[in-house]
Amino acid sequence: MDKKEKHITSYSLFAKVLVALLILTTISVLITEIHFGALSVAVALSVACVKVALVLVYFMHLKWENSFLRIMVAGVFLLFALVLVFTFIDYLLR
Amino acid sequence: MNTSTAHTDHYDPESSKIGMWLFLFTEMFLFGGLFLVYAVFRNKYSADFHHGAHELNAFIGTFNTVVLLISSMTVAMSITAIQKKNRKLAVNMIIITIVLALVFMLNKYFEWSYKFEYKLYPGSPVMMNLPQGEILFYGLYFMMTGLHALHVLIGIVLLVVNIFKIRSGKVHHERFSLLENSGLYWHLVDLIWIFLFPLLYLVT
């Protein structure tokens, strides 16, 4: 623990991240009002992914964690993406 | 606050954090499985899912999203406060988080009781007479938001424990692993809601 000093995130950075998250929420609400059809699913999910990334990197402190933890988290998301892709390959080719 | 005896017992924040993340991975896959079911059935019954999502109150959903996002920031700030030895601010930030969590739960209560009034709940005759896709949509809606709400309740309990531990001096600027890991849990609750919100309330 004492080999490197702990990073302390400033209050203002957290506040900025919250503002970004709220702006993204507004965007996703407004965009789905317009009804893009099939595209609105993609847009809503892309915005959600950006929001999740912000929460993971700043709120959950991953930006300042060692690469071991970061690779593990990235790996889990990749694994879920693979599960999703393989499920749909199976489902659509039945 | 008694720091002299704090280091005699075993305290390993790095390992605790990795352990917490491993637990969070299992949580991600618990909800991930439900997201998978949602994705497949949405594909199969897109018209019914479209109609179901349209029936949900997007305003309550948006309001709850904002509430959870703010609560995520306040719990993150409480960790900064404890690291800066500001115990009072840390406790206050946790209290704000708990209040926001209760606001979320209250909204959920109103949302669900509104549906119960229309006899819309899993297994009810009204729900069973809906088209197949809508039965699946509402089933997933109650299952996913219910499981998420259960996590909110667990998060509230964890945060209350943290307040007592900070007050008694067991959690302080050199030993805040419990608060840090509870914070991670709380952010996961937020993370899941970020995906639930557009899928259930917005994408119509």
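Cut-offs and rules
- Residues numbered from 1 in each chain as written.
- Chains lettered and ligands numbered in written order.
- Predicted model: local features only at pLDDT ≥ 70, side-chain atom pairs only at ≥ 80, totals over all residues.
- Heavy atoms only, no water.
- Helix = DSSP H or I, 4+ residues; strand = E, 2+ residues; numbered from the N terminus.
- Rg over C-alpha atoms; globule rule 2.2 N^0.38 Å.
- Buried < 20%, exposed > 50% of the residue type's maximum accessible area, 1.4 Å probe, protein only.
- Contact = heavy atoms within 4.5 Å.
- Areas by Shrake-Rupley, 256 points an atom, 1.4 Å probe, with all protein chains shown as cover.
- Lys, Arg positive; Asp, Glu negative; His and termini not counted.
- Charge placed at Lys NZ, Arg CZ, Asp CG, Glu CD.
- Expected span 1.5 Å × (residues − 1).
- Domains from an automatic or database assignment.
- pLDDT = per-residue confidence, 0-100.
- Axes fitted to C-alpha atoms, helices over the stretch in contact; angles between N-to-C directions.
- Parallel < 35°, antiparallel > 145°, perpendicular 65-115°, else oblique.
- Left-handed = near helix turned anticlockwise from the far one by under 90°.
- Nonpolar A, V, L, I, M, F, W, Y, C, P; charged D, E, K, R; others polar.
- Salt bridge = Lys/Arg side-chain N within 4 Å of Asp/Glu carboxyl O.
- Polar contact = N/O pair within 3.5 Å; in protein donor to acceptor, adjacent residues only side chain to side chain.

### Structural notes on the overall build of chain A
Here is step 1: Regarding its fold elements, chain A presents three helices and zero strands.
Here is step 2: Mapped in sequence order, the helices and strands of chain A form the string α-α-α.
Here is step 3: Here the C-alpha atoms of chain A give a radius of gyration of 18 Å, more than 25% beyond the 12 Å that 2.2 N^0.38 yields for 94 residues.
Here is step 4: In terms of overall dimensions, chain A has C-alpha extents of about 55 × 35 × 10 Å along its principal axes.
Here is step 5: A burial count over chain A gives 31% of its 94 residues as buried.
Here is step 6: Put simply, 59% of the contacts in chain A that link residues at least 6 apart link residues at least 24 apart.
Here is step 7: Accessible surface, chain A: about 5700 Å² in total, of which carbon and sulfur atoms supply 73%.

### Re the overall build of chain B
Here is step 1: Each helix and strand in chain B was counted, giving seven helices and zero strands.
Here is step 2: The helix and strand sequence of chain B, counted from the amino end, reads α-α-α-α-α-α-α.
Here is step 3: The C-alpha extent of chain B, read off along each of the three principal axes, is 65 × 30 × 25 Å.
Here is step 4: With 204 residues in all, chain B has 56% of them scored as buried.
Here is step 5: Within chain B, residue pairs in contact and separated by at least 24 positions form 83% of the contacts whose partners lie at least 6 positions apart.
Here is step 6: Surface exposure of chain B reaches about 8700 Å², of which carbon and sulfur atoms provide 68%.
Here is step 7: Taking the average location of the 14 positive side-chain charges in chain B and that of its 12 negative ones, the two points are 9 Å from each other.

### Some thoughts on unusual backbone geometry
Here is step 1: Its identity is not glycine, yet H61 of chain A carries a phi of approximately 70 degrees, on the positive side.
Here is step 2: Residue H61 of chain A is classed as buried on the basis of its relative accessible area of 15%.
Here is step 3: In the Ramachandran plot, K85 of chain B falls in the positive-phi region, its phi being about 65 degrees despite a non-glycine side chain.
Here is step 4: Locating K85 of chain B in the fold gives a position in the loop between α3 (58-83) and α4 (87-117).

### A few points about helix α3 (residues 67-92) of chain A
Here is step 1: The terminal C-alpha atoms of α3 of chain A, which comprises 26 residues, lie 37 Å apart, in line with the 38 Å expected from a rise of 1.5 Å per residue.
Here is step 2: For α3 of chain A, the set of buried residues is L69, V73, V76 and F88 of chain A.

### What to know about the domain arrangement of chain A
Here is step 1: Along its sequence, chain A is carved into domain 1 (1-60) and domain 2 (64-94).
Here is step 2: Relative placement of domain 1 of chain A and domain 2 of chain A: their C-alpha centres are 20 Å apart.

### Some words on the confidence of the model for chain A
Here is step 1: Summarising the model, chain A shows a mean pLDDT of 89, and 91% of its residues fall at 70 or more.
Here is step 2: Averaged pLDDT values for the elements of chain A fall to 90 in helix α2 (residues 38-59) of chain A and rise to 94 in α3 of chain A.

### Considering the packing of α3 of chain B against helix α7 (residues 177-202) of chain B
In a pair of packed helices, the angle between the axes and the distance between the axes together describe the arrangement.
Residues and elements named next belong to chain B.
Here is step 1: Between α3 and α7, whose axes approach to 10 Å, the crossing angle comes to 160 degrees. Taken together, the axis directions place α3 and α7 in an arrangement best described as roughly antiparallel. In terms of crossing hand, the pair formed by α3 and α7 is left-handed.
Here is step 2: Considered class by class, the residues forming the contact of α3 with α7 number 14 nonpolar, nine polar and two charged.

### Considerations on the interface of chain B and chain A
Here is step 1: In this assembly, 48 residues from chain B lie in contact with 44 residues from chain A.
Here is step 2: Across the chain B-chain A interface, the total number found is one salt bridge.
Here is step 3: Two residues, K17 of chain B and E65 of chain A, come together in a salt bridge whose shortest N-O distance is 2.7 Å.
Here is step 4: For the pair chain B and chain A, the interface holds four residue pairs in polar contact (both at pLDDT 80 or more).
Here is step 5: Looking at the side of chain B that touches chain A, the elements that each hand over two or more residues are α1 (13-44), α3 and α7 of chain B.
Here is step 6: Top element by residues in the side of chain B that touches chain A is α1 of chain B. It accounts for 18 residues.

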